[in-house]
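Structural description and commentary
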There are 2 protein chains.
Amino acid sequence: MKYTLLAMLGIYTFMNAGAQSVQLQKIKNHNHQNSSALLKEFVDFISIPNLASDSTSIRRNAFHIMSLMNKRGIGNVQLLNATAKGVPPSVYGEVITPGAKTTLIFYAHYDGQPVNAAQWAEGLEPFTPKLYTSAIDKGGSPVSLPETNAYDPEWRLYARSASDDKAGVFAILQAYSALVKSGIKPTCNIKFFFEGEEEAGSQHLGEILEKHNQLLQSDLWIMCDGPVHQSGKKQIAFGVRGDAGLELTVYASTRPLHSGHYGNWAPNPALLLAKLLASMKDENGRVTVQGFYDDVIPLTISESEALKNVPSVDEQMKKELRLNSVEMPGKSLSEAINLPSLNINGFQSGNVGKLASNQIPTYATAVIDLRLVLGNDWQRQQNKVIDHIKSQGYFVIDHDPTDNERIEHDKKLIKVIAGKFGYNAQRTSMDIPIVNKVIMAVQTTTPDKIVLQPTMGGSLPLYLFEKHLKAKTISVPIANHDNNQHAENENIRLKNLFEGIETMAAIMMIK
Amino acid sequence: MKYTLLAMLGIYTFMNAGAQSVQLQKIKNHNHQNSSALLKEFVDFISIPNLASDSTSIRRNAFHIMSLMNKRGIGNVQLLNATAKGVPPSVYGEVITPGAKTTLIFYAHYDGQPVNAAQWAEGLEPFTPKLYTSAIDKGGSPVSLPETNAYDPEWRLYARSASDDKAGVFAILQAYSALVKSGIKPTCNIKFFFEGEEEAGSQHLGEILEKHNQLLQSDLWIMCDGPVHQSGKKQIAFGVRGDAGLELTVYASTRPLHSGHYGNWAPNPALLLAKLLASMKDENGRVTVQGFYDDVIPLTISESEALKNVPSVDEQMKKELRLNSVEMPGKSLSEAINLPSLNINGFQSGNVGKLASNQIPTYATAVIDLRLVLGNDWQRQQNKVIDHIKSQGYFVIDHDPTDNERIEHDKKLIKVIAGKFGYNAQRTSMDIPIVNKVIMAVQTTTPDKIVLQPTMGGSLPLYLFEKHLKAKTISVPIANHDNNQHAENENIRLKNLFEGIETMAAIMMIK
């Protein structure tokens with residue numbers, strides 16, 4: 001199969017560049033001629049708070065999506081609920097095309113990452129979307145939502161989930177809407193599936209998929225989540241990394257101590273945790289946890305070949321992020337995301353800044369994130385880290401310590417909360433006919449050769465689709481790469497939103 | 001001089017045990033017979049917020065102290081101001097005793113450490129003092145302020161500065177009041193000096209001392225700050241450690257990054273800072289910063305001898321704090337506080353707990369506290385740590401980095417804010433006649449042999465008194481050792497407050 005797919009892509013692009021452009025142009029025109037209403041509708045959607053644990057707001061989002069579906073004439077609209085109460089429902093809808101032999105199902109998620117509003121830039125609030133002339137850190141200034149159908153594609157809309165992943169939900173719904181309004185008939189059956197607890201670990205997704213196994217049958221899932229390639233080129237990813245979390249809390253004295261009277265006699269939990277975390281990686285950024293890189297299934301020939309063709313963005317990204325070095329010297333970003341990883345998401349002990357005081361804190365906490373590649377088992381990966389912690393002289397418990405637990409061992413004491421809802425990585429073969437059709441369809445939307453990524457750095461619980469539905473999945477992301485997803489100042493560049501709608505529409509037109 | 005002081009102390013105790021007891025008993029009776037009013041007056045005092053940077057509240061405290069002095073008939077009451085505006089003033093007052101040949105000046109500070117109210121126990125607020133039947137973490141429950149003159153000495157009053165150091169200010173003022181009310185004439189001139197920016201580094205203390213050099217002359221300064229010995233015995237400390245702070249901020253990417261898309265490619269500032277801090281101490285808790293233990297002036301024979309006689313509290317404290325080990329195995333608490341130290345006060349990067357998200361933070365900050373012993377220079381000690389940071393591959397700046405600074409070196413980037421108002425350690429000889437008199441006076445208040453500490457673990461800017469006034473200083477602390485000073489849930493045990501008043505009164509009666 002060596003070179004076949006990439007060669008095909010070149011030929012197809014050449015042959016079909018003109019063929020779909022009339023239909024695509026109609027879609028593009030429709031969106032641009034209705035951009036004011038379109039943006040307003042999107043802003044209303046991202047104004048609804050969407051933390052998965054906030055069950056009231058989550059249901060407001062779900063109902064809102066149902067009404068957007070109804071408005072577009074999508075059928076069989078319903079909530080797919082888990083058995084337990086308060087679980088964010090998935091939202092389903094479908095369009096059955098008479099005579100169609102292919103069924104595509106489009107996925108995006110409508111819940112978002114937690115927000116720490118205090119960390120957002122002045123003038124921004126996570127759920128009060130605001131439009132800026134460009135990225136704020138590049139000098140963008142506020143601009144009103146346009147009353148006419150004129151906008152600058154470089155404008156950015158700031159809000160939690162503006163890109164991750166309400167942009168996905170909206171692009172899919174708007175793509176279908178544009179298709180219909182432009183008088184284009186879909187060529188396949190289209191199903192819609194919007195998850196509500198992806199950022200909380202998709203704890204009930206498996207149950208929902210299993211329960212609605214028949215309803216959710218398809219030839220291919222199109223996962224619309226994550227950013228396009230940093231080069232600005234559109235990309236398709238054939239896999240995702242798995243994900244698992246660990247929260248570590250090191251305990252010391254039961255009460256905070258004066259750093260003068262007890263400093264360097266009483267153990268300092270921040271130092272203990274710093275030493276523990278420092279022990280997890282060597283000077284070359286390699287994780288030193290025993291067996292951490294074992295179990296990894298190597299890339300296939302097609303995948304290796306595709307990886308070689310991924311444009312290098314290392315120098316561009318270093319410049320953009322003002323980095324003079326990388327964590328693993330000599331490893332490219334592409335290589336790095338094809339390895340399991342260990343990242344510190346947060347570290348907190350005592351106080352800094354104005355609240356700092358001369359004390360020895362009573363505990364120190366860190367949250368670490370493990371990303372997994374094909375072959376890793378998420379719980380085995382967590383256990384490797386826990387074994388490493390034990391090897392560093394720690395007694396590991398899974399709860400706040402009792403007075404006795406603090407002293408009954410001669411070991412250091414740590415609470416390890418192993419996230420219960422991790423999941424494994426997943427990869428779909430690049431060499432399946434329906435997958436090839438989607439690649440070709442996306443290629444029709446852009447003159448640039450699209451990037452084919454064997455795996456994305458980010459995670460989605462795609463293995464669940466394989467497990468419960470025997471389904472195939474590929475990811476077609478649309479957001480700008482510098483969207484600050486998962487952090488403060490999340491945003492979507494309007495060019496990406498509009499092009500994302502076109503990408504989704506092109507996929508809906510495959511034959 | 002070997003053994004002389006300790007031997008003297010034994011003889012003196014035996015000879016004078018009866019002599020002062022009548023006067024002391026009067027003082028004790030007076031306080032107990034007026035305990036309700038006394039406690040109410042103290043509660044009013046500690047209800048006033050007292051962060052040194054809060055200039056409005058600080059002046060309220062100063063005026064409040066002036067009124068307490070006036071009420072007690074203390075003369076020449078005045079604020080001693082620095083030249084710059086908004087600096088917390090020191091409060092001065094004096095009682096001149098006709099014919100007295102000795103002048104004692106009593107020091108305490110009325111400002112307090114910053115508070116993070118969210119960290120205080122439920123039901124407690126830093127500036128709403130509350131009385132409990134015992135320590136909250138030992139099962140104490142709330143109790144009203146007594147309307148009668150009955151109280152339990154084990155009761156604890158919770159509030160910021162309840163012990164550090166408004167207890168000192170109040171004990172000194174109340175001691176004089178009790179003396180007068182009991183019809184006892186002071187035997188020496190008594191001066192009062194209450195500082196208002198000790199917890200903010202005593203930045204203007206030198207200037208104030210210099211400006212009022214004549215007014216502040218004395219034979220000895222009695223510094224009332226800090227806790228009694230952990231054994232519960234009263235103690236006198238002849239020196240304090242110096243103190244200097246450093247705030248370290250490691251920078252990585254200019255914007256927060258998704259841990260999946262960039263984890264283990266982009267540097268993680270929390271890991272970098274963890275590794276840096278970990279590099280500062282070896283597995284035996286010894287600071288690895290080059291030359292860190294140089295410059296230390298050894299203890300004199302008297303001091304070494306006194307140190308040997310300090311009761312060991314290591315096992316008691318380990319039990320009390322639920323520690324199964326100490327940072328420097330084999331080193332006792334007494335030994336540890338006679339060494340320079342390095343402590344992490346706080347560490348913060350990204351978020352933990354409910355706000356945790358899968359991101360690579362943009363920076364990580366730690367505050368470290370250096371304690372110094374005689375011979376260390378505070379700025380030299382800071383520079384040793386900065387040199388260590390440089391040796392770990394960092395480029396050090398003293399401000400938020402510009403875009404260019406982030407990349408113009410091939411080094412890791414750190415901002416180091418070296419606290420500008422550190423100070424050196426100080427020690428007063430134990431063998432001076434006036435010092436001996438104070439030792440004897442304190443000894444009359446207790447049947448237990450008092451503890452003589454060559455140095456306290458904590459810090460006070462005592463070298464300034466030596467420098468600007470050529471003055472001698474000793475510390476006579478009164479607070480319970482488990483007072484949570486500098487942290488949440490600060491408290492004073494009533495027994496310590498009342499005994500502290502007696503101690504101060506006994507010193508005012510030396511001949």
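Cut-offs and rules
Residues numbered from 1 in each chain as written. Chains lettered and ligands numbered in written order. Predicted model: local features only at pLDDT ≥ 70, side-chain atom pairs only at ≥ 80, totals over all residues. Heavy atoms only, no water. Pairing = 2+ DSSP bridges. Helix = DSSP H or I, 4+ residues; strand = E, 2+ residues; numbered from the N terminus. Contact = heavy atoms within 4.5 Å. Axes fitted to C-alpha atoms, helices over the stretch in contact; angles between N-to-C directions. Parallel < 35°, antiparallel > 145°, perpendicular 65-115°, else oblique. Left-handed = near helix turned anticlockwise from the far one by under 90°. Nonpolar A, V, L, I, M, F, W, Y, C, P; charged D, E, K, R; others polar. Least-squares fit on C-alpha atoms with pLDDT ≥ 70 in both. Buried area = accessible area lost by both parts, 1.4 Å probe. Salt bridge = Lys/Arg side-chain N within 4 Å of Asp/Glu carboxyl O. Polar contact = N/O pair within 3.5 Å; in protein donor to acceptor, adjacent residues only side chain to side chain. Buried < 20%, exposed > 50% of the residue type's maximum accessible area, 1.4 Å probe, protein only. Lys, Arg positive; Asp, Glu negative; His and termini not counted. Domains from an automatic or database assignment. Phe/Tyr/Trp six-rings, centres within 6.5 Å; stacked < 30°, edge-to-face > 60°. Lys NZ or Arg CZ within 6 Å of the ring centre and 35° of its normal. Expected span 1.5 Å × (residues − 1).

**Some words on the sheet that holds strand β6 (residues 156-158) of chain A**
Residue and element names in this part refer to chain A. Read from one edge of the open sheet, four strands run β5-β4-β6-β21, paired in antiparallel fashion. At either margin of the open sheet sits one strand with a lone partner, and together these are β5 (142-143) and β21 (491-493). Relative to β5, strand β4 (residues 130-132) is paired through two bridges, and the arrangement is antiparallel. The residue bridging L131 from the neighbouring strand is V143, located in β5. Helix-sheet contacts for helix α16 (residues 494-508) involve β4, β6 and β21, and the interaxial angle to β21 is about 70°.

**A short note on the packing of helix α5 (residues 166-181) of chain A against α16(A)**
Residue and element names in this part refer to chain A. Following both chains from N to C, one finds α5 and α16 inclined at 60°, their axes separated by 8 Å at the closest point. The orientation of α5 with respect to α16, classified from their angle, is oblique. As for the relative orientation of α5 and α16, their crossing is right-handed in sense. Mapping the contact onto sequence places A167, F170, A171, I172, Q174, A175, Y176 and L179 in α5 and L497, G500, I501, M504, A505 and M508 in α16. A per-class count over the contact of α5 with α16 returns 12 nonpolar, two polar and no charged.

**Topic: the relation of the copies chain A and chain B**
Aligned on chain B, chain A shows an RMSD of 0.1 Å; the corresponding rotation is 180° and the shift along the axis is 0.0 Å. This pairing of chains is accounted for by a two-fold axis. A share of 100% of the interface residues of chain A reappears at the interface of chain B, consistent with the copies meeting face to face through the same patch.

**Some words on the interface of chain A and chain B**
Taken together, the contact pairs 98 residues of chain A with 98 residues of chain B. Of the roughly 8500 Å² buried where chain A meets chain B, counting both sides, 53% is carbon and sulfur surface. Ranking the residues of chain A by area buried against chain B places N264(A), W265(A) and R322(A) at the top, with a combined share of 12%. Across the chain A-chain B interface, the total number found is four salt bridges. Notably, a salt bridge pairs K275(A) with E283(B), separated by 3.7 Å at the nearest N-O pair. At 10 residues, strand β12 (residues 341-350) of chain A tops the list of elements feeding residues into the side of chain A that touches chain B. Across the side of chain A that touches chain B, the residue classes tally to 38 nonpolar, 37 polar and 23 charged. Pairing of β12(A) with strand β12 (residues 341-350) of chain B, which is carried by five bridges, proceeds in the antiparallel orientation.

**What about the side chain of S459(A)?**
All names here are of chain A. By the element assignment, S459 lies in strand β19 (residues 456-459). A distance of 3.2 Å separates a polar side-chain atom of S459 from the backbone oxygen of G242. With residues up to four places along the chain from it excluded, the contact list for S459 reads E198, V240, R241, G242, D243, R371 and Y423.

**Re the side chain of K191(B)**
Residue and element names in this part refer to chain B. Examined against the element boundaries, K191 turns out to sit in strand β7 (residues 189-195). The side chain of K191 is buried and forms no salt bridge, while E94, the nearest opposite charge, is found at 5.0 Å. Apart from residues no more than four positions distant in its own chain, K191 is found in contact with Y92, G93, E94, T103, L104, I105, F106, Q214, L215, L216 and Q217.

**So, the domain arrangement of chain A**
For chain A, the assigned domains are domain 1 (4-238 + 428-508) and domain 2 (242-296 + 339-418). Spacing between the C-alpha centres of domain 1 of chain A and domain 2 of chain A amounts to 37 Å.

**Observations concerning the sheet that holds strand β6 (residues 156-158) of chain B**
Residues and elements named next belong to chain B. Read across the open sheet, the four strands follow the order β5-β4-β6-β21; overall the sheet is antiparallel. The open sheet has two edge strands, β5 (142-143) and β21 (491-493), and neither has a second partner. On the sheet, helix α16 (residues 494-508) packs against β4 (130-132), β6 and β21 and is oriented at approximately 70° with respect to β21.

**What to know about the packing of aromatic side chains**
Note on aromatic pairs: each is described by the distance of the centres and the angle between the planes. Per the stated rule, a full pass over the model turns up 25 aromatic pairs over all chains. Relative to F465(A), the ring of Y107(A) has its centre 5.9 Å away and its plane inclined at 85°; by these criteria the two rings are edge-to-face. On the criterion of sequence distance, the pair formed by Y107(A) in strand β3 (residues 103-109) and F465(A) in helix α15 (residues 463-469) is long-range, its members being 358 residues apart. Each member of the pair, Y107(A) as well as F465(A), carries the same accessibility label: buried. An aromatic cluster of at least three residues, connected via ring pairs, comprises Y107(A), F193(A), W221(A) and F465(A). Geometry around F45(B) places K166(B) over its ring, the cationic atom sitting 4.7 Å from the centre. Here the basic side chain of R286(B) rests over the ring of Y293(B), its NZ or CZ set 4.2 Å away from the ring centre.

**Description of the pairing of strand β2 (residues 90-95) of chain B**
Residues in a regular strand project their side chains so that they alternate between the two faces of the sheet. Residue and element names in this part refer to chain B. Most of β2 is tucked away: six of the six residues are buried. Both faces of β2 are covered, namely the face carrying S90, Y92 and E94 and the face carrying V91, G93 and V95. Summarising the sheet, strand β1 (residues 75-80) and β2 pair through four bridges and their orientation is antiparallel. Looking at β2, one finds that Q78 is bridged to Y92.

**Some details on helix α3 (residues 35-46) of chain B**
All names here are of chain B. The end-to-end C-alpha distance of α3, which contains 12 residues, comes to 16 Å, matching closely the 16 Å that a straight helix rising 1.5 Å per residue would cover. In terms of residue burial, α3 counts as a mostly covered element, since nine of its 12 residues are buried. Every buried residue belonging to α3 is among S35, S36, L38, L39, E41, F42, V43, F45 and I46, and all of these are buried. Packed against the buried residues of α3 are α2 (21-33), α4 (55-71), β6, α5 (166-181), β21 and α16.

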